[in-house]
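Structural features, examined
Residues per chain, in single letters:
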Amino acid sequence: MTTVASTRPARRPAPVRTARGRSPRSDRRAGLLLSTPFLVVYLLFLAGPLLMGIVLSFFNTTTVKDGLGDWVGVSNYTKVLRDPLFWDAMWHSVLFTLITTPLLVVLALLFAILASRVRRGRVFYRLAFFAPYVVPSSVVALIFLWMYTPEVGLFPKLFGAVGLPVPDFIGSTSGGWTAVILMTLWWTFGFNFVLYTAAIQDVPPDVYEAAAIDGASPWQQIRLITVPLLRPTTGLVLILQILASLKVFDQIYLLLGGGPAQSTRPVIEYIYDTGFTSYRGGYGAAATMVYFVIIVAISTAWYALRRRSATPAAPRTAA
Amino acid sequence: MSGAMARRRFLALGGGLTLAGGLSACSSPLASGLTGSQPDPADVVFWNLFTGGDGANMALMENAFRTEHPGTTVEATILGWGNPYYTKLALATASGTPPDVGISHLSRLPLLAASGLLEPVAETGVTELGVTPDRFTPAAWKKATVNGTAYAVPLDTHPFVLFYNVDLAKKAGLLNAAGDGLKPMKGRAAFTDAVKAMKEAGARYGAAMSITADPSTAWRWFSMIYSGLAGPVVTGSGTTIDIDAGAMQETFDFMQSLTGPGLMPRSLNGSGANALFSTGKAGFLFDGEWQIPSYRLVKGLRFNVVPFPALLGPEPVAYADSHALVVPRNPKRSSARTAHAAQFIKSLLDHSATWAHGGHVPAWLPSQRSKAFLGQSPQRNYVQAAFNARYDPVAWYTGAGSDFQNTVGATVIEVLAGRLGPKEAVSAMRADLKRYTTARPPVTMK
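Here's what I pulled together on the structure shown here.

Criteria and cut-off values
- Residues numbered from 1 in each chain as written.
- Chains lettered and ligands numbered in written order.
- Predicted model: local features only at pLDDT ≥ 70, side-chain atom pairs only at ≥ 80, totals over all residues.
- Heavy atoms only, no water.
- Helix = DSSP H or I, 4+ residues; strand = E, 2+ residues; numbered from the N terminus.
- Rg over C-alpha atoms; globule rule 2.2 N^0.38 Å.
- Buried < 20%, exposed > 50% of the residue type's maximum accessible area, 1.4 Å probe, protein only.
- Contact = heavy atoms within 4.5 Å.
- Areas by Shrake-Rupley, 256 points an atom, 1.4 Å probe, with all protein chains shown as cover.
- Lys, Arg positive; Asp, Glu negative; His and termini not counted.
- Charge placed at Lys NZ, Arg CZ, Asp CG, Glu CD.
- Core = buried A, V, L, I, M, F, W, Y, C linked by side-chain atoms within 4.5 Å.
- Axes fitted to C-alpha atoms, helices over the stretch in contact; angles between N-to-C directions.
- Parallel < 35°, antiparallel > 145°, perpendicular 65-115°, else oblique.
- Nonpolar A, V, L, I, M, F, W, Y, C, P; charged D, E, K, R; others polar.

In terms of regular secondary structure, chain B is built from 19 helices and 16 strands. Scaling as 2.2 N^0.38, a compact globule of 446 residues should have a C-alpha radius of gyration of about 22 Å, and chain B matches this with 25 Å. Its C-alpha atoms give chain B principal-axis dimensions of roughly 85 × 60 × 50 Å. Of all 446 residues assigned to chain B, the portion counted as buried reaches 58%. Within chain B, contacts between residues separated by at least 24 positions form 78% of all contacts whose residues are at least 6 apart in sequence. Summed over its atoms, the accessible surface of chain B is roughly 17700 Å², and 57% of this surface lies on carbon and sulfur atoms. One way to put it: in chain B the 39 positive side-chain charges average out to a point 5 Å from where the 31 negative ones average out.

Okay, here's the thing in structure tokens:
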């Protein structure tokens, strides 16, 4: 019993194929037909704008005039790459990712395990942990802004009441980062929590039963069964979280406006500020392309890394 | 077999629904949007960015027009304030489907005019209806004029003003004999003393303003003080930095003399400023007059609003902006539609005393001098501010909610928070401005 459960399940057999190794014609036609709506939307709203953005980035395009504007070659790119504010903003997005990703993954895993191990009110805990995720960012920002507000907010008052020095949550750089990260943790960890909760439910209960019979303590069960079996989910959660964190915009924009002194402005706000507020569409498009290339590079590197680490053929055992 | 049947039936059903949806959408805004045709437009299509109290007042003014011109229909669209509005206005006009009348901040006008998106006022037919330059607050009309051509009809002036708590001011001995205003004061020392007196009268702070994460308000405060001493920070349509370093250093020094010793909080956001002023914990509030309606709702708060006295220079200065009516360029617009647009603009001016309930000073002098406006307090107190108004400097990058205000305002916030000394702040400001004077403008300005 133990041996069966502790080895990885065998890969599913490949789908049935015809003699020539291809699926029947009608199947292919149906596949194409069923994916057409997606392909149309994909081309219309993703590939199209992307190509348009590449074209725009070589022109002095503006949103106040019709047409592309003057051809400026690669000068938009050289200006973006030489703008210290662009690199500051880029660093802020990366810093946000570096801080939030580990916290959001570990906390989600921790709370998912805890919520799955409680005996009573499991549904309540699941709901409670996931609930913040469905609140719109504008609402979350408004609530937290009230709590952080200097002089009159809840947090400054609490700190003052117990005699601690009152941190300037939205007026100082370190306070601003703390404020944004705390709010983001509370608001978004529900998504990873749900992914982990689903994965935990897929772990067959007899594994735990067997482990319990063998005398494994709850902590050993978590460390040696749950966490290793959740490894594929962790990979997924990590990359989703990295990409989501790199795309940070709304909570920083709503809570701090990128301040104080633009010290928390993420790169998407930089793009928004130059492209829309200053009407410099071409320049904004160039900044977007630079950022796009960086995100694609990160995703590709991640998948390459995962492939390499997934290849070892030796069957892993849980104990 | 039954599975295949179900699939076919499902596909057929889906196709049928899509078709039906497509047919019924032919007369809808969606379909007309996709085909680029006009969806049975009203006689006047009006775009604005007003919500809340301003939105309600604007709706009253639209209804007044409908009552007076029963044959003319108006369709008003409210778009999100700031970028969403200006982006849509510009794109709709550039692509040939603009509204007949739109709202623009005068500080945002130079770029729109230089881009050729606006009809000159003289060609809209409003002049024939009696809308002539001499009947407007001069500062507003001047700001509506770019290179000698007027491109907008100013609706109001909304200056940065001085709110004060009446009870605290009385205790501090700042009220005049009649008790309906502040004693006259002038200059840095007198103003600082007044703020001190407010604090000593029992307020936690002598004055408060929104600083943190609010670069626009910080910029307004800075711009107003600095304008008392020197001209605009950029000249030549925004191509040249023109800083008076001494004046700027003095300005920053004055700002820090209030926040430094705790007469004002160094870090406070908009809701914090509201909370302090409306609970009597701050004697003065530095903010735009558009906050009047929200303080009216506070029970037990007795407040008044006056223009700022002269602070550093010899004369009082008011930092201000204006809402103005523009006619976006549309070569396809019929002369009948243009005539309706002109009538609509004239009607809004005539009813701008209603608009003043939101705190704004009507730019249209007949309204400004009407009983309907002069009966409004505290609005009538700061009419002079409209005449002393200083707007953002002329450039493609300046104006309400612009990236420029965010950048230079961030430097001002650093000064107010005490993290940047006056001298370093001048060089920081120079660096901020250089970003814009050296950037490639989206549109060439004369």
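There is more to say after this.
Helix and strand content of chain A: 14 helices and 0 strands. For chain A, the succession of helices and strands along the chain, N to C, is α-α-α-α-α-α-α-α-α-α-α-α-α-α. Residue pairs in contact within chain A that sit at least 24 positions apart in sequence constitute 68% of those at least 6 positions apart. Element-wise, carbon and sulfur atoms account for 70% of the exposed surface of chain A, whose accessible area totals about 18600 Å².

So, about the nonpolar core. If you look at the biggest cluster of nonpolar residues, it comprises 121 residues, and the most contacted ones within it are Phe191(B), Trp221(B), Phe252(B), Phe284(B), Phe286(B) and Met429(B). For this core, the element with the most residues is helix H9 (residues 215–227) of chain B, which contributes 7 residues. Counting 34 residues, the second-largest nonpolar core is a separate cluster that includes Ala108(A), Ala112(A), Val140(A) and Ala199(A).

Residue and element names in this part refer to chain B. Closest axis-to-axis distance for the helix H18 (residues 403–416)/helix H19 (residues 422–437) pair is 10 Å, and the angle between their directions is 170 degrees. Regarding the angle of H18 to H19, the classification is roughly antiparallel. Judged by residue contacts, Asp-403, Phe-404, Thr-407, Val-408, Thr-411, Val-412 and Val-415 of H18 engage Ala-425, Ala-428, Met-429, Asp-432, Leu-433, Arg-435 and Tyr-436 from H19. Each residue belonging to the contact of H18 with H19 can be placed in one class, and the counts come to 9 nonpolar, 2 polar and 3 charged.

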